[in-house]
Amino acid sequence: LVAGLLPERRLDSHKGTFGTALIAAGSLNYTGAALLAGTAAYRIGAGLVTLAVPEPLHAVLAGQLPEATWVLLPHEAGFVSGKATDTFLNHVHRATAFLFGPGMGNHIPTRTFIETVISKVKLPTVVDADGLRHLAQIEDWHEKLFPLAVLTPHAGEMSALTGLSKEEIQENRSEVACKYAKEWGHVVVLKGAFTVIASPTGQMTIIPVASPALARAGTGDVLAGLIVGLRAQGLDAYDAAVAGAYIHAEAGLLAAEDLGTTASVLASDILDSVVDIMSELED
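Because the structure is a prediction, the values reported are computed rather than measured. (Residues numbered from 1 in each chain as written. Predicted model: local features only at pLDDT ≥ 70, side-chain atom pairs only at ≥ 80, totals over all residues. Heavy atoms only, no water.)

1. A look at helix 12 (residues 237-259)
This is how it is decided: Going along the chain from the N terminus, every DSSP run of H or I of four or more residues is numbered as a helix, and every run of E of two or more is numbered as a strand. Helix span, as expected, comes to 1.5 Å for every residue beyond the first. Within 3.5 Å is the distance limit for a polar contact, defined as a pair of N or O atoms, with the added protein rule that one can donate a hydrogen and the other accept it, and that residues adjacent in sequence qualify only through two side-chain atoms.
The terminal C-alpha atoms of helix 12, which comprises 23 residues, lie 33 Å apart, in line with the 33 Å expected from a rise of 1.5 Å per residue. Capping of helix 12 at its N-terminal end is provided by aspartate 236; its side-chain oxygen lies 3.3 Å from the backbone amide nitrogen of tyrosine 238. Looking one or two residues beyond helix 12, the residue adopting positive phi is glycine 260, at roughly 85 degrees.

In structure tokens:
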């Protein structure tokens, strides 16, 4: 099923064929989140990745991902500030999909930036990590997002969005994901063992993987990057979520197999294994 979802890569393709993923991510406390998400978007096949990061991060990150282009955002103590909105919006027209949230931190100026941006960016959207926690504080957030966004919460972030306890969510994962996907009008990727993907129309997929190899900081940034990379290439929201989550899970299993232990798998190992999973799917 996933192999059939992947975009065709014609011999006469160019970078524009495979879209541009615009990713707002990172802060001084979480520098690596932007790198992991941006690299993942490239590894899944996006033609161009533009990283919008607080300006102090650029010197650290640029040498590690020379393929990226950059939008340097005004900041307050290394976190995106509300003043960054105009700088960011000047680059939106070049993108075909938008991800925000990984590593952005929980500072109020960043929330101001997010609240302004979500009502103005008319692009297929993916929201992860701190972006979800900021949404939970914004009134009617689900109506302000561009239609059929992909939300990628773990149980804690889903708790912040819904008011349910983590225990309630974990005991009824499928039901909770489906209920809120319909209520919000967006695709929900409820992460964890046997990740649940639910659409507003009632579609649901469960990824048949549970592994401690994926229980590591940064793996969610990789997943969000994979999904926005697929959205940038034109996959619809539900298909991108299913394909991204499956490839992510299989890459985690393969990384653990290569290393001989689940305990030592890093998010960057999962990124490396994405290449092998993609190769298998294209055979």
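2. Considerations on the pairing of strand 9 (residues 187-190)
To keep things clear, this is the line we draw: Exposed residues in this analysis have more than 50% of their type's maximum accessible area, buried residues have under 20%, and partly exposed residues fall in between, with area computed by a 1.4 Å probe over protein chains only. Between any two strands, pairing holds if DSSP finds at least two bridges.
Because side chains alternate across strand 9, one face comprises the buried residues Val187 and Val189, and the other comprises Val188 and Leu190, equally buried. Inspection of the sheet shows strand 9 paired to strand 10 (residues 196-198) by 3 bridges, in the antiparallel sense. Residue pairing in the sheet places valine 189 in a bridge with isoleucine 197 of strand 10. Once strand 9 ends, the chain turns through 5 residues before running back antiparallel as strand 10, passing glycine 192 with a positive phi of about 135 degrees.

3. Examining the sheet that holds strand 11 (residues 204-206)
Just so we agree on the cut-off: Lines fitted to C-alpha atoms define the axes here, with helix axes fitted over just the stretch in contact, and angles between the N-to-C directions of these axes take values from 0 to 180 degrees. Contacts were defined at the residue level, with two residues in contact if any of their heavy atoms lie within 4.5 Å.
The sheet built from 9 strands is open, its strands ordered 3-2-1-6-7-8-9-10-11 with mixed pairing. Every other strand in the sheet has two partners, leaving strand 3 (69-73) and strand 11 as the edge strands with one partner each. Neighbour to neighbour, the strand axes of the sheet diverge by 15 degrees on average, direction disregarded. Here 4 bridges tie strand 1 (residues 20-24) to strand 6 (residues 97-100), and the two strands are oriented parallel to one another. The residue of strand 6 that forms the bridge with alanine 24 is phenylalanine 100. Lying on the sheet, helix 12 is in contact with strand 8 (150-152), strand 9, strand 10 and strand 11; it crosses strand 10 at an angle near 170 degrees.

4. A short note on the packing of helix 8 (residues 155-162) against helix 10 (residues 173-184)
Rule in force here: When describing relative orientation, an angle under 35 degrees is termed roughly parallel and one over 145 degrees roughly antiparallel, while 65 to 115 degrees is termed roughly perpendicular and anything else oblique. Should the near helix be turned anticlockwise from the far one by less than a right angle, the crossing is termed left-handed; should it be turned clockwise, right-handed. Amino acids are sorted into nonpolar (Ala, Val, Leu, Ile, Met, Phe, Trp, Tyr, Cys and Pro), charged (Asp, Glu, Lys and Arg) and polar (every other residue, Gly among them).
Relative orientation of the contacting elements helix 8 and helix 10 amounts to 45 degrees, with a least axis distance of 12 Å. Taken together, the axis directions place helix 8 and helix 10 in an arrangement best described as oblique. Helix 8 and helix 10 meet at a crossing whose hand is left-handed. The residues of helix 10 that touch helix 8, namely those facing Met158, Leu161 and Thr162, are Val176, Tyr180 and Trp184. Looking at side-chain class alone, the contact of helix 8 with helix 10 contains 5 nonpolar, 1 polar and no charged residues.

5. Observations regarding the pattern of salt bridges
Test applied: Any carboxyl oxygen of Asp or Glu within 4 Å of a side-chain nitrogen of Lys or Arg constitutes a salt bridge here.
Going through the model one piece at a time under the given rule, you end up with 3 salt bridges. Where glutamate 115 meets lysine 144, a salt bridge forms, and the shortest distance between an N and an O atom there is 3.6 Å. With glutamate 115 in helix 5 (residues 108-118) and lysine 144 in helix 7 (residues 141-144), the pair connects residues that are 29 residues apart, well separated along the chain. Judged by its relative accessible area of 35%, glutamate 115 is partly exposed. Linking aspartate 128 and lysine 191 is a salt bridge whose minimum nitrogen-to-oxygen distance equals 3.2 Å. Residue aspartate 128 is located in strand 7 (residues 125-128), and its partner lysine 191 is located in the loop between strand 9 and strand 10; the two are separated by 63 residues in the primary sequence. Both residues of the pair, aspartate 128 and lysine 191, count as buried.

6. Here we look at a negative patch on the surface
Heads up, the rule is: Here a patch means residues that are over 30% exposed by relative accessible area and free of salt bridges, tied together within 9 Å if like-charged and within 5 Å if nonpolar (Val, Leu, Ile, Met, Phe, Trp, Tyr). Residue-level accessible areas treat just the shown protein chains as cover; the underlying method is Shrake-Rupley with a 1.4 Å probe. Within this scheme the basic residues Lys and Arg register as positive and the acidic residues Asp and Glu register as negative, but His and the chain ends are omitted. Here the site of a charge means NZ on Lys, CZ on Arg, CG on Asp, or CD on Glu.
A cluster of acidic residues, Glu257, Asp258, Asp272, Asp276, Glu280, Glu282 and Asp283, forms a negative patch on the protein surface. Listed by contribution, the elements that provide at least two residues to the negative patch are helix 12 and helix 13 (267-282). If one sorts the elements of the negative patch by residue count, helix 13 sits on top with 4 residues. By the secondary structure assignment, aspartate 258 is in helix 12.

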